[in-house]
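Each chain, written out:
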Amino acid sequence: MSHIVYTLTSVGSTPEGYNQQRPKTKQNMKRVATVTGNHNRFNTISYLQTLYPGVDNNPNEAPLASFFLEKTVQILHDERNRFGNQKVLEFGGGPNLSSSLLLAQYVDSIRFCDYAQSNLAYVSDWIEQKSTVFDWTNYFESILTIAGTSKEKRIEWESRLRDALIRGGLSICDVNDPDCPILSGKSDDYDIIFSSFCLEAACLTIEIFNETIGKLVRLLKPGGLLLLVMVRNESFYYVDAENFFCLSLDETKVRKALQATGELVDIHIDSADTTVEDQKRNTMSDFDGEMIIHAFKTIK
Ligand SMILES: C[S@@+](CC[C@H](N)C(=O)[O-])C[C@H]1O[C@@H](n2cnc3c(N)ncnc32)[C@H](O)[C@@H]1O
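Residues numbered from 1 in each chain as written. Predicted model: local features only at pLDDT ≥ 70, side-chain atom pairs only at ≥ 80, totals over all residues.

Caption draft 1: Structural detail: the overall build of the chain. Secondary structure summary: the chain contains 10 helices and 9 strands in total. Looking at the chain residue by residue over its 300 residues, the buried ones come to 43%. A sequence separation of at least 24 residues applies to 72% of the contacts in the chain between residues at least 6 apart. (Helix = DSSP H or I, 4+ residues; strand = E, 2+ residues; numbered from the N terminus. Buried ≥ 20, exposed ≤ 12 C-beta atoms within 10 Å, placed from the backbone. Contact = placed C-beta atoms within 7 Å.)

Caption draft 2: Broad picture of the nonpolar core. In this structure, Leu 103, Ile 192, Ile 193, Leu 226 and Met 230 are the most contacted members of the largest nonpolar core, which totals 80 residues. Sort the elements by how many residues they give to this core and strand β5 (residues 220–232) lands first, with 8 residues. Apart from the residues within four sequence positions on either side, Leu 226 is in contact with Ile 193, Leu 216, Val 217, Leu 220, Leu 264, His 294 and Ala 295. (Core = buried A, V, L, I, M, F, W, Y, C linked by C-beta atoms within 7 Å.)

Caption draft 3: Examining helix α4 (residues 117–127) more closely. All buried positions along α4 are accounted for by Asn 119, Leu 120, Tyr 122 and Val 123. The arc that holds the buried residues of α4, viewed along the axis, is 155 degrees, so those residues lie on one side. The inward-facing, buried residues of α4 contact α1 (44–51), β2 (109–114) and β3 (170–172). Positive phi shows up at Gln 129, right after α4, with a value of about 55 degrees. (Arc of directions from axis to C-beta.)

Caption draft 4: Structural context of the site of the ligand. In the vicinity of the ligand lie 19 residues, with Gly 94, Asn 96, Tyr 115, Ser 196 and Ala 202 positioned nearest. Its residues placed into classes, the shell around the ligand shows 9 nonpolar, 8 polar and 2 charged. (Near = placed C-beta within 6 Å. Nonpolar A, V, L, I, M, F, W, Y, C, P; charged D, E, K, R; others polar.)

Caption draft 5: Region of interest: the packing of helix α5 (residues 137–146) against helix α6 (residues 154–168). In the contact formed by α5 and α6, the axes pass within 10 Å of each other and the chain directions differ by 100 degrees. One way to sum up the angle between α5 and α6 is to call them roughly perpendicular. The segment α5 lies against α6, with Phe 140, Glu 141 and Leu 144 engaging Arg 154, Trp 157 and Glu 158. Here the contact of α5 with α6 is built from residues that sort into 3 nonpolar, no polar and 3 charged. (Axes fitted to C-alpha atoms, helices over the stretch in contact; angles between N-to-C directions. Parallel < 35°, antiparallel > 145°, perpendicular 65-115°, else oblique.)

Caption draft 6: Summary view of the packing of helix α8 (residues 206–219) against helix α9 (residues 251–260). Running from N to C, α8 and α9 point in directions that differ by 45 degrees, and their axes come no closer than 8 Å. Between α8 and α9, the angle falls in the class oblique. For the crossing formed where α8 meets α9, the hand is right-handed. Of the residues in α9, those in contact with Ile 206, Phe 209, Asn 210 and Ile 213 of α8 are Lys 253, Ala 257, Leu 258 and Ala 260. Of the residues belonging to the contact of α8 with α9, the class tally is 6 nonpolar, 1 polar and 1 charged. (Left-handed = near helix turned anticlockwise from the far one by under 90°.)

Caption draft 7: Region of the structure containing the environment of Phe 42. Looking at the secondary structure, you find Phe 42 in the segment before α1. C-alpha separation for the pair Phe 42 and Phe 244, spaced 202 residues apart in sequence, amounts to 9.0 Å. Apart from residues no more than four positions distant in its own chain, Phe 42 is found in contact with Tyr 47, Ala 116, Ser 118, Asn 119 and Val 239.

Caption draft 8: Geometry of unusual backbone geometry. Unusually for a residue other than glycine, Gln 129 sits at a positive phi of about 55 degrees. The residue Gln 129 is located in the loop between α4 and α5 in this model. Exposure remark for Gln 129: the 9 C-beta atoms within 10 Å place this residue in the exposed category. Phi is positive for Asp 266, which is not a glycine, with a value near 50 degrees.

What follows is the structure in C-alpha cells.
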C-alpha cells in the first residue's frame, strides 16, 4: 500500500497511543505506525478491495485467509449437530460478507452489526442488490471451493445469505459503550456468535475485551457456539492511509478471558504463525499469527 508512513517508534497497546506524532523515517522497515484512526473514518471500499479480492490474489492476506477460511469451514461442518440452526450474531462484521455467506448455510437468520455506519450502508446496498463498486464473485467462489461445493451454487448461497440478513437485521454496535443495545440484548438468544478481526481492533483495553467476551457469552443460548477469528499481537492496522489502534492479544489472554466467564466448555484455540516472509510482505499491519477460537456455552 503506497500511502503507508513508516516510523521508528512503537505504539503502546493502550489508548494513550492515539494521536501521538512520531518521527517519519524509511530506515526501519518494520511497520510500526502512528495511530490516529477512528473507525468512523473506515474506508469501506478500500478495505474490501485490499482484503477480499479473492483468497489467492492478495499477497498481504493469502496464506492466513486460507487458514482462517479452511478452519471456519471445518468447525462449522464438524460441529453442525451441536449448535441450533435459528440465529447468528455476527459482531463487528465490517463490510465483510464472506463469513456470513458460510453461516447462512447453517441458520435462518443473521443479525449483522458493526460500529461504522459506512459498513452497514454497504451491506444494506448489497442486500438490496444495488450496484456497488465491490464484486464478491471471486471471493465467494473461493469459499464455495473451500467448502467443497460447486461454484455454480454461488447464487443460491447468496440468496440464503440475503434472506438470513433480512430476517436478522443490521445494527450499530460499540464495545466501548456500556449501554450498547446489541451487547445489552436478551440473554440466551443466539445459536452462534461469530466475530472476525474485530475485538482486537475495537476494544481499547484488556478490561473491555474481557467484559465484551462476557457480554457475548451471555447472549449465547446454552449449548451455543462462540466462534472468533483474531490476529495475534497486532498493535495497528491500515485501511488505505488511515491507521487504527489494535489491542495486542495472544492465546493466553484470550483463553483467560474465555475461562473467566465460567460458562464456556470445550475451548479450542487453533493458531497459525505468520512466516518472516509473510510479515515482510504485510504492509497493512504487524500481527505475527492468527487464532481461530471456538467454544460452547454450558448447558445448565
Ligand atoms: C479489521 S475490521 C474487521 C471487519 C470484518 N469482521 C472482517 O472480518 O473483515 C474491524 C472492525 O471492527 C469494527 N469496530 C471498530 N471499533 C468498534 C467498536 N468500538 N465496537 C464494535 N466494532 C468496532 C470496525 O468498524 C471494523 O468493521
